[in-house]
Amino acid sequence: MRWDIFCQIVDNYGDAGVCWRLARALSRLSSSSVNTVSSVECDDSRIRLFCDDLNVLNVIAHGDAVAHGASLGIEVLPWSAAESPAVLASVGDVVIEAFACHLPQPYIEAMVQKASNQAPIWINLEYLTAETWADDMHLMPSPQNNGLNKYFYFPGFTPKTGGVLLGDWHEVTSDKKTSPPNSLALVLQSCRPASKKISVFNYKQAPLDAWLSSVNQTAFAHGDQVDVFLCADQNVSAATQKVFSLEGSAVKLIQLPFIPQEDYDYLLSICDMNLVRGEDSFVRAQWAGKPFIWDIYPQSDLAHEIKLEAFLDRYFEGASPELRAFGMSAMKWAPAEGWWPHLNALTQHSKDWADKLVALGHLEGKILDFVKSQEISR
């Protein structure tokens, strides 16, 4: 079975991150034959990933997405290749257009031609949301004028939605790993013994200076030291960096280069708290089972605020009023003095949430279930 995944990058790294991770997850299931979480089989899959900006993909794929993809059994291609005669003669059995990107018209016409024999299963992979309407929209068919059906696929947090991507999370974060990945080995040696660790990967509008100052003051008052990993291009001012470079500062800033996707997962797993953004790192922070702040992608119509509130309501559903109160404040950039004493309780809640995600089933397994159901119904 051939899978074609289409990715157009709007900005930043989230779109590429999700598509690259999905391609890796499907390839992994194919090579292992058996999905260890939901026992779904994925035999003889050939995966192509079309991306309109391979430079962005290279950043998260060990510097060379084409070569690294080939080592994983993934054919990474530029967007223009989707209109090549070779591709048009072999369009996918499953076609995934990520985040409502627009497939090239010649490719769509080739899909219509293929449908005279057997129609491709066409999936519109949408953005992750905790909003309740996603339950009704997930897997809803959208009949096209050309006679094909396109299906909405909504990642989410209920049994009626599509789950979230797991990938090789358990392998890259296993307790059995004896050493960190090469990209992190040196910086981890610079951490102070017994320090708490925080990773930071936010959008530039995040109130990071003020937040770090409150962490510094509160950690100092509690006798804690905090090593903060700044992932590439974070917006900490020179003045704040100077303060944290002084002897006696509770917070120590450690600058990181952009690291591959798997190494970032490892980093999240060893930190006590993670500041993440967008969709891909947001999901990884949840698998980490540690407290986090989700810096959601800003939208002009403030739709991001609705999505954040919907997630927080679901995330703290069933929690005690006290935990819900300081937990929500912590996840909305409140000064650390209000929630720092409760880090252990927040960590336990985060672990419990990760267990709920396992129970829901992961996205790649659910997509395979859906594809198999469509094949059976033909």
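Residues numbered from 1 in each chain as written. Predicted model: local features only at pLDDT ≥ 70, side-chain atom pairs only at ≥ 80, totals over all residues. Heavy atoms only, no water.

A. A look at the nonpolar core. Counting residues in each nonpolar core, the largest one holds 41 residues, and the members touching the most others are F157, F292 and F311. Put simply, the parts of the chain that give this core at least two residues each are α8 (182–189), α11 (261–270), α12 (280–288), β12 (292–295), α13 (303–315) and α15 (343–360). Look past the residues within four positions of F157 in its chain and what remains in contact with it is L128, T129, A130, V164, F282, Q286, F311, R314, W353, L357 and L360. Formed by 38 residues, the second largest nonpolar core is a distinct cluster that contains L49, A65, V76 and Y153. (Core = buried A, V, L, I, M, F, W, Y, C linked by side-chain atoms within 4.5 Å. Buried < 20%, exposed > 50% of the residue type's maximum accessible area, 1.4 Å probe, protein only. Helix = DSSP H or I, 4+ residues; strand = E, 2+ residues; numbered from the N terminus. Contact = heavy atoms within 4.5 Å.)

B. Examining the packing of aromatic side chains more closely. Applying the stated rule across the entire model yields 27 aromatic pairs. Members of the aromatic cluster, connected to one another through ring pairs, are F157, F282, F292, W294, F311, Y315, F316 and W353. (Phe/Tyr/Trp six-rings, centres within 6.5 Å; stacked < 30°, edge-to-face > 60°.)

C. Up close: the sheet that holds β12. The five strands lie next to each other as β10-β9-β8-β11-β12, forming an open sheet whose pairing is parallel. Edge positions in the sheet fall to β10 (251–255) and β12, since each of these pairs with one other strand and no more. Direction aside, the axes of adjacent strands within the sheet are offset by 15 degrees on average. Lying on the sheet, helix α9 (residues 208–221) is in contact with β8 (196–200), β9 (226–230), β10, β11 (273–277) and β12; it crosses β10 at an angle near 135 degrees. (Pairing = 2+ DSSP bridges. Axes fitted to C-alpha atoms, helices over the stretch in contact; angles between N-to-C directions.)

D. The layout of surface pockets, seen in detail. Estimated volume of the largest pocket: approximately 780 Å³. As for the largest pocket, its lining consists of 41 residues, and the residues nearest its centre are G14, Y203, G278, E279 and D280. Going through the elements one at a time, α1 (14–32), α11, α12 and α13 are the ones with two or more residues in the lining of the largest pocket. Of the residues that constitute the lining of the largest pocket, the class distribution is 23 nonpolar, nine polar and nine charged. (1 Å grid on protein atoms, 1.4 Å probe; cavity = no way out; pocket = protein on both sides within 12 Å on 5 of 7 lines; lining within 4 Å. Points joined across faces, edges and corners; volume = space filled by probe spheres on them. Nonpolar A, V, L, I, M, F, W, Y, C, P; charged D, E, K, R; others polar.)

E. Layout of the sheet that holds strand β4 (residues 94–98). In spatial order, the strands read β3-β2-β1-β4-β5-β7-β6; together these seven strands make up an open sheet with mixed pairing. The two strands at the open ends of the sheet, each matched to only one other strand, are β3 (74–78) and β6 (141–143). Adjacent strand axes in the sheet meet at a mean angle of 25 degrees, parallel and antiparallel pairs treated alike. As paired elements, strand β5 (residues 121–125) and strand β7 (residues 149–153) share four bridges and run parallel to each other. Paired with I123 across the bridge in β7 is Y151.

F. Focus on unusual backbone geometry. Of note, the phi angle at H62 is positive, near 60 degrees, even though the residue is not glycine. Tracing the sequence through the fold places H62 in the loop between α2 (54–60) and α3 (65–71). Of note in the backbone geometry, A100 takes a positive phi value of approximately 60 degrees without being a glycine. Along the polypeptide, A100 turns up in the loop between β4 and α5 (105–115). Given a relative accessible area of 37%, A100 falls into the partly exposed group.

G. Main features of empty space enclosed by the protein. According to the stated counting rule, one finds three cavities of 30 Å³ or more in the structure shown. Estimated volume of the largest cavity: approximately 110 Å³. Every residue lining the largest cavity is counted, 15 residues in all, and those nearest its centre are V18, L165, E279, V283 and L363. Where the lining of the largest cavity is concerned, the elements lending two or more residues are α1 and α12.

H. Molecular detail of the pattern of salt bridges. For the structure on display, the rule yields 12 salt bridges. Across the pair R24 and E262 runs a salt bridge whose closest N-O atoms are separated by 4.0 Å. With R24 in helix α1 and E262 in helix α11, this residue pair connects regions lying 238 residues apart in the sequence. Accessibility expressed as a relative area gives 8% for R24, which makes it buried. When the shortest N-O distance is used, the salt bridge between K114 and D93 registers 3.2 Å. Of this pair, K114 sits in helix α5 while D93 sits in the loop between α4 (85–88) and β4, placing them 21 residues apart in sequence. We classify D93 as partly exposed; its relative accessible area is 21%. Three or more residues are tied together by salt bridges with common partners; here these are R21, D265, D280 and R284. (Salt bridge = Lys/Arg side-chain N within 4 Å of Asp/Glu carboxyl O.)

I. Quick peek at the packing of α8 against α11. Axis separation between α8 and α11 bottoms out at 9 Å; the angle between their running directions is 35 degrees. By crossing handedness, the relation of α8 to α11 is classed as right-handed. For the pair formed by α8 and α11, the contact residues are S183, L184 and L188 on the first element and D263, Y266, L267 and I270 on the second. (Left-handed = near helix turned anticlockwise from the far one by under 90°.)

J. The arrangement of helix α16 (residues 363–377) in detail. In a regular helix each residue adds 1.5 Å, so 15 residues correspond to 21 Å; α16 covers 21 Å between its end C-alpha atoms and thus fits that length. Along α16, the residues that are buried comprise L363, E364, G365, K366, I367, L368, F370, V371 and Q374. (Expected span 1.5 Å × (residues − 1).)

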